[in-house]
Every structure is written in C-alpha cells, then in structure tokens.
Amino acid sequence: MTILLIGGTGLLGGAVAAELVKNGEPVRALVRSGKHIEYLRTLGVEFDVGDLCDPRSLRRALADIRVVVTTAQSDPFDRNTRIDHIDGKGNQNLIAAASEAGVEHFVFVSALKADVGSGDVMLLACKHAAELALKASGLRYSIIRPASFQEIFGNDLVPLKQYVQQFGVGLIPGNGKGFHSFVSIHDVARTVVLALQRSEAINTVIDVGGPDDLTYREAYTRIMQMTGQPRLILPLHSRLLAVGGTLSTPVFPNLRDLLDLFAFCDRVNYTCVSPTWLIDALGRRRSFDDGIREMYSRC
Ligand SMILES: NC(=O)c1ccc[n+]([C@@H]2O[C@H](COP(=O)([O-])OP(=O)(O)OC[C@H]3O[C@@H](n4cnc5c(N)ncnc54)[C@H](OP(=O)(O)O)[C@@H]3O)[C@@H](O)[C@H]2O)c1
C-alpha cells in the first residue's frame, strides 16, 4: 500500500522516507518542485507534484492512497510563503482531501506542546488547529509531537554549527535556561514507522523526545567537551529576540514566529516523557552525544 509522504525533501522528511523504505514500505513523495529531491531519488521513492496550498493537486495525489504521512512545515526564512497559509490552511486542505479520498491512516507530525503554546506561537496554533481537525475528521490518525531536534545544532537552516565552527561561539536563541528533550530525527522517523505498525499509536497523540533533557547551555558545554568549540556561549535574551523579530518582519515575515517559539520553549521547558511502549519499541535511542559526534565528525 503506497504511502504518500508530504515534506520528504525536508530534514525529518528525508529520514522518514529512508526509514519507511528500510521497512519495505512503498513511498510516494509529494514535492512542490524538482528541488532537493536527489536524496529521495537515491532511496528509489516515487514522486508526485503537489502543494498543500493547492487542494486540487492534493485530491489528485490522494486518489489511490490509503496512508498519509506529513512532516511538512513552512520555512521561516521564505519571504513568499506564510505560516498561516501552509501550516494553517495547507494542513486543513490536506486533512479535508484525505477525508474525501477515504484515507485509512493519517500520520501528522505536529510539535511538542502544540496545545499549550497555541496562544503564543502561530506555528503551534496552526499545528494544534490541524490536530483538532484531524481528530474531528473521523480519519484514523496518529499525531506525533516531537521535542526539539538534536539536528538544530548541525543543519544549515539555523546555522548554529557554523557559528560554533567558524567563530567559536555557541549562540543560544533565548536565555538558555529552559530544558529541551533533544531528540534525533532518526528516532522521530522510527516513531513514524511504529505509528503505522502499533495499535497503541492509533487515534492518539504521541510525545517523542530525549533520551537527554538539556538546556542550550548544557548542550553547548557537551559540544565543547567533545569538539573543543565553542569557546564562548552567548545567550540572545528574549527581549533581544523580540526586537530581532520586529526588525526582521518586513524582510522575513515568518521569522518572528520562530523567535517566539524559542522564547516559548525557554519559558515552559520543552521537555516530555515519551510513552513506555514507544521507549520499549525504540530500544536504543540516539543520545545527544551520539548525535553531536555524528554531525560534527562529518567535516
Ligand atoms: N526542527 C525541530 O526542532 C522540530 C521540533 C518539533 C517539531 N518539528 C516539526 O517536524 C516537522 C519536520 O521539520 P523539519 O525541520 O524536517 O522541516 P523542514 O526541513 O523545514 O521541511 C519542511 C518540508 O515541508 C515542505 N513544504 C513546505 N511547504 C509546503 C507546501 N506548501 N506544500 C508541500 N510541502 C511543503 C518542504 O518542501 P520544499 O522542499 O518544497 O520546501 C519540506 O519538504 C515539521 O512539521 C516541524 O514543525 C520540528
């Protein structure tokens, strides 16, 4: 049964595609363009062209699909798209089209504390609205709420690694006192596959995080112990983030919301305890140190 994956060209989406393929699942990636598809090509997945903001393309793509997995989200640095269009209306379009097409299982990758943070962060409000729409749709669903990815410290979108390596500075988006259950995208991807296999994952919300709860300051200290860098850890306090958000709005309208998300995480502690069945099924999870070792040995 082919699985339609939306968001496959993204960081988590690529890991999900790889994990599905490893488990022998046929995958069709819904992509917006031919950009960033090389990795998916190497996995041998099928492609379809579509967009969350184009309901017709979704109806067409879903015609012969029984299982949907979406990891899609808006890009905070994209000047031309808006969070409420993609994470808001776009997710609602996808749920409506899946419902119409008689999809049997819908796996939605949301975000930890989407409900608690919906008053403070637009991305979380959109995620939570999609969760509610999915629950009300009558579709069989699994909602996966990951904590912050360990890969934040190693990817190009938020260039924390570049600052560490080029300038010896560990930039903290916020005061750095809030704890995060930093999780590897590989363990989130394995959770997506388990959601398709396990009865415990049906019609429920699954928090996935850890195994380590760390503040940003502690995370950089670990990185420093392993790599010798950064020499300086620099918090960008919430007020500074707020000013940065306001100043950046004309150029990057979505960026403010990312900064709001960082401030929210600082305030509430972005931590969770994953369900026991999931921890047991995952077995050895990738520790923060494992993740850093892998990301920082690649250069
Ligand atoms: N990063 C974290 O720490 C974190 C924590 C908790 C939850 N999450 C959630 O985990 C999920 C994956 O995050 P990520 O960092 O892997 O995301 P990402 O790398 O930014 O990838 C986003 C994906 O969404 C696709 N997309 C964007 N707009 C679309 C549209 N209109 N129609 C169809 N596809 C569209 C992008 O396609 P293009 O290649 O065409 O742009 C890309 O494949 C997200 O839902 C995020 O909210 C992330």
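I will try to describe carefully the structure that is included in this document. (Residues numbered from 1 in each chain as written. Predicted model: local features only at pLDDT ≥ 70, side-chain atom pairs only at ≥ 80, totals over all residues. Heavy atoms only, no water.)

For the rest of this paragraph, the subject is the site of the ligand. Not every one of the 23 residues close to the ligand is listed here, only the nearest: Thr9, Leu12, Arg32, Asp51 and Lys127. At 2.9 Å from a nitrogen atom of the ligand is found a main-chain nitrogen or oxygen belonging to Leu52. Residue Lys127 places a side-chain N or O atom 2.5 Å away from an oxygen atom belonging to the ligand. Alone, the ligand offers 920 Å² of accessible surface; in the complex the protein occludes 86% of this. Tallied by class, the residues present in the shell around the ligand amount to 12 nonpolar, eight polar and three charged. (Near = heavy atom within 4 Å. Polar contact = N/O pair within 3.5 Å; in protein donor to acceptor, adjacent residues only side chain to side chain. Areas by Shrake-Rupley, 256 points an atom, 1.4 Å probe, with all protein chains shown as cover. Nonpolar A, V, L, I, M, F, W, Y, C, P; charged D, E, K, R; others polar.)

Quick look at the packing of helix 1 (residues 11-22) against helix 7 (residues 185-197) now. Two numbers describe how helix 1 lies on helix 7: the axes approach to 8 Å, and their chain directions differ by 50 degrees. Of the possible angle classes, the one that applies to helix 1 and helix 7 is oblique. Both helix 1 and helix 7 take part in a crossing whose hand is right-handed. Of the residues in helix 7, those touching helix 1 at Leu11, Leu12, Ala15, Val16, Glu19 and Leu20 are Ile185, His186, Val188, Ala189, Arg190, Val192, Val193 and Leu196. Residues belonging to the contact of helix 1 with helix 7 are distributed by class as follows: 11 nonpolar, one polar and two charged. (Axes fitted to C-alpha atoms, helices over the stretch in contact; angles between N-to-C directions. Helix = DSSP H or I, 4+ residues; strand = E, 2+ residues; numbered from the N terminus. Parallel < 35°, antiparallel > 145°, perpendicular 65-115°, else oblique. Left-handed = near helix turned anticlockwise from the far one by under 90°. Contact = heavy atoms within 4.5 Å.)

Honestly, that's just the spatial picture; any functional story needs more than this.
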